[in-house]
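# Inside the fold
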Amino acid sequence: MLTGKIRNDIDKLWEKFWTGGITNPLTVIEQISYLMFARMLDMQEEVAERKANRSGNGFDRLFPNNPEGQLLRWKNFKNLSGKELHGHLKKNVYPYFAKLGKKSGVTDGLGQDGSALEALGHIGEYMQDADLEIKNESVLVSAVGMVDELPLTQSDVKGDIYEYLLSKLTTAGINGQFRTPRHVIDAMIKLIDPQPTDVICDPACGTAGFLARTMEYLNRVHSSEAGIFEDDEGNQHYTGDLLEPYREHINKQMFWGFDFDTTMLRVSSMNMMLHGVNGANILYQDCLSKSIKEKFPQQEENFFDVILANPPFKGSLDETNTNPDVLGLVKTKKTELLFVAHILRALKLGGRAAVIVPDGVVFGSSKAHVQLRQELIDNNQLEGIVSLPSGVFKPYAGVSTAILIFTKGGTTERVWFYDLQADGYSLDDKRTELKGEGGNDFPDAIVQWEKYRRMVEANISGSTINAVFGDKTKKAFVVDSETISANKYDLSINRYKKVVYQEAHYDDPKDILRKLKSLEGEIMADLDELEEML
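On a predicted model such as this, the values are computed, not experimentally measured, just so you know.

Each helix and strand in the protein chain was counted, giving 23 helices and 11 strands. In the protein chain, of all internal contacts separated by at least 6 residues, the share reaching a separation of at least 24 is 73%.

Written as structure tokens, this is what we have:
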């Protein structure tokens, strides 16, 4: 949890960027990311030095062990004057980031095999075109000072710091790209309940919100609250850390994110690094392109245990450049349909997914829409649909959306629906947090979903499930697959939800007229009294 001081410091720095002429929120986050990256490299080097001094063994250096190389370290340049600092970062430090993207075999004082660099994952690769865009020297000095004071050694805080920075990213991108609200992501993760043995993917990762919040979820669920200890590297751990046996898997194989926006790849790589995952597989790739079969043939089909995504809603693709195997599932140019088809292919048998889609996907009448829904119902297990109110993605867009929850393989017996009418925030452009009861349906949706899943996993009979979830006037209810297929695989909640109409009672018109005359008489009496007073 961030303290008020950290929030205030970040707010002040943000304001300095704006007054210094940098008004694009993504650029501000990117520039702060570079500085945080530079400091974290130095922190990692210091940890390696301490271990080497204790053991007497050598280690693979991140920075050349010569005067020029050591001046690239944060501790040795952070106190330079504004002019010197600006020139040093632009001409020496940031260009050095490009070397961090090289694979094994890098020398120049870095060690014989470059394994220390590979431990950084792919983030160095996306830092190759890093550039210093802070022209105002006083802003730069302030930024370096603020980053130097951030508690980046505390693993439970540094992720929150970056999340707070990302919360200021309020500009929508092109082709339907925009940031998914974190409370929606958290709800989707709870619905899927990922495990530390899973391999998890977001095929349109953006800032890696789904992946980073999944790591936070795992830390919460698989940690004891008995106490905290700090290791040799300065990272804090809960004493009952149940994730320790899975650390290598978590750092190297668990998380996969794809995007074709290099700026987003830099931001998402930093986000994962600050959430304690140095080796997340954040990769440049358009997942709908046919090139994925050549670059990532293993991950393109039957690979992932869990996929969490909010893929782009808008736009249509060039069919000649689209993965033909995806087109084999659904013949269309619409990205929202193609991404669901790609996710189905990328999941391994039994793999689970929670995906946000525009409402058109659940009720669209075109051949492609029906074809995709039929695939989900007949050849896979479409388990649940959470209907979201239209204001959830404001101010980016007012489109109505739904969360699809499905498992690859098998057939669908019934679909669980939830009519979520409030998400805890106002549904206007301000999105003000609502207090009190009745303002947030997500907790109840999760409770009802877990109740339903326990019944399914216990092989409770369909008649019993229908007895519990058969009332279609409630927010949570089930519909059998035969009913859905008979309705052209329409999955819109309004198709099946029953509305209870209450008879309105009105007074007799004569009584209303009599009351009006009485009121008019009282008004005239008051006016006469007022006139006498004058």
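With respect to the helices and strands, the residue proline 324 is situated in helix H15 (residues 324-329). When near neighbours in sequence (up to four residues on either side) are disregarded, proline 324 contacts Lys290 and Lys293.

What follows covers the pairing of strand E10 (residues 414-419). Judged by how many residues are buried, E10 sits mostly within the fold: six of six residues are covered. Across the two faces of E10 the burial is the same, with Arg414, Trp416 and Tyr418 and Val415, Phe417 and Asp419 all buried.

Next up on the list: the confidence of the model for the protein chain. When pLDDT is averaged along the protein chain, the result is 86; 89% of the residues meet or exceed 70. Low pLDDT (under 50) marks residues 171-177, which in the prediction has 12 contacts with non-local residues, meaning those over four places away or in another chain.

Before going further, it helps to spend a moment on a negative patch on the surface. On the surface, Glu522, Asp526, Asp528, Glu529, Glu531 and Glu532 cluster together to form a negatively charged patch. With respect to the helices and strands, the residue glutamate 531 is situated in helix H23 (residues 509-533). Note on glutamate 531: relative accessible area 57%, which makes it exposed.

The two faces of the sheet receive side chains in turn, since in a regular strand these alternate between them. Counting buried positions over the six residues of strand E6 (residues 304-309) gives six, a clear majority of the element. Looking at chain direction, E6 and strand E7 (residues 347-358) are connected through five bridges and run parallel. Considered in E7, the bridge of valine 306 is made with arginine 352.

On the surface, a nonpolar cluster with roughly 690 Å² of combined accessible area is contributed by Ile523, Met524, Leu527, Leu530, Met533 and Leu534. Here leucine 527 is to be found in helix H23.

Our focus in this paragraph is the state of the cysteines. Applying the stated criterion to the full structure yields zero disulfides. Between cysteine 205, a free cysteine, and cysteine 201, which holds the nearest cysteine sulfur, the sulfur-to-sulfur gap is 8.4 Å. A relative accessible area of 5% means that cysteine 205 is categorised as buried. Free cysteine: cysteine 287, not disulfide-bonded; nearest cysteine sulfur from cysteine 201 at 6.1 Å.

Per the counting criterion, the structure on display carries 31 salt bridges. Among the ionic pairs, arginine 345 bridges to glutamate 301, the shortest N-O distance being 3.3 Å. Of this pair, arginine 345 sits in helix H16 (residues 335-346) while glutamate 301 sits in the loop between helix H14 (292-295) and E6; the two residues are 44 residues apart in sequence, bridging distant segments of the chain. The partly exposed category is assigned to glutamate 301, whose relative accessible area is 36%. Measuring nitrogen to oxygen at the nearest pair gives 2.1 Å for the salt bridge that ties aspartate 511 to arginine 514. Taken together, the residues aspartate 511 and arginine 514, both in helix H23 and three residues apart, mark about one turn of the helix. For aspartate 511, a relative accessible area of 29% translates into the label partly exposed. One network of salt bridges, with partners in common, ties together Asp42, Glu45, Glu49, Arg61 and Arg73.

Turning our attention to the sheet that holds strand E9 (residues 401-407). Ordered in space as E5-E4-E1-E6-E7-E9-E8-E10-E11, the nine strands form an open sheet in which the pairing is mixed. The sheet terminates laterally at strand E5 (281-284) and strand E11 (476-480), the two strands that pair on one side only. Sheet twist, expressed as the mean angle between neighbouring strand axes with direction ignored, is 15°. Pairing analysis gives four bridges linking strand E4 (residues 255-259) to E5, with the strands arranged parallel. Its bridge partner being in E5, tryptophan 256 is matched across the sheet by asparagine 281. Contacts from helix H20 (residues 462-469) reach E10 and E11 within the one sheet, and its direction differs from that of E11 by about 140°.

Let us now look at the environment of leucine 100. Position of leucine 100 relative to the elements: it lies in the loop between helix H5 (82-97) and helix H6 (115-118). Residue leucine 100 is classed as buried on the basis of its relative accessible area of 4%. For the pair leucine 100 and tyrosine 126, spaced 26 residues apart in sequence, the C-alpha separation works out to 9.4 Å.

This brings us to the packing of aromatic side chains. The tally for this structure, following the rule as stated, stands at 17 aromatic pairs. Clustering of aromatic rings is evident, with ring pairs tying together Trp256, Phe258, Phe296, Phe303 and Phe304. Seen from the ring of tryptophan 14, lysine 168 lies directly overhead, with NZ or CZ sitting 5.5 Å from the centre.

Counting 99 residues, the largest nonpolar core has Phe255 and Phe406 as its most contacted members. Ranked by residue count, the leading element in this core is H16, at eight residues. Beyond its immediate stretch of four places on either side in the chain, phenylalanine 255 contacts Ile200, Leu211, Thr214, Met215, Leu218, Ile250, Met272, Val277, Ala280 and Asn281. Grouped together as the second largest cluster of nonpolar side chains are 55 residues, Tyr34, Leu35, Ala130 and Val267 included.

Parameters and conventions
- Residues numbered from 1 in each chain as written.
- Predicted model: local features only at pLDDT ≥ 70, side-chain atom pairs only at ≥ 80, totals over all residues.
- Heavy atoms only, no water.
- Helix = DSSP H or I, 4+ residues; strand = E, 2+ residues; numbered from the N terminus.
- Contact = heavy atoms within 4.5 Å.
- Buried < 20%, exposed > 50% of the residue type's maximum accessible area, 1.4 Å probe, protein only.
- pLDDT = per-residue confidence, 0-100.
- Patch = residues over 30% accessible without salt bridge, like charges linked within 9 Å, V, L, I, M, F, W, Y side chains within 5 Å.
- Areas by Shrake-Rupley, 256 points an atom, 1.4 Å probe, with all protein chains shown as cover.
- Salt bridge = Lys/Arg side-chain N within 4 Å of Asp/Glu carboxyl O.
- Lys, Arg positive; Asp, Glu negative; His and termini not counted.
- Charge placed at Lys NZ, Arg CZ, Asp CG, Glu CD.
- Pairing = 2+ DSSP bridges.
- Disulfide = S-S within 2.5 Å.
- Axes fitted to C-alpha atoms, helices over the stretch in contact; angles between N-to-C directions.
- Phe/Tyr/Trp six-rings, centres within 6.5 Å; stacked < 30°, edge-to-face > 60°.
- Lys NZ or Arg CZ within 6 Å of the ring centre and 35° of its normal.
- Core = buried A, V, L, I, M, F, W, Y, C linked by side-chain atoms within 4.5 Å.

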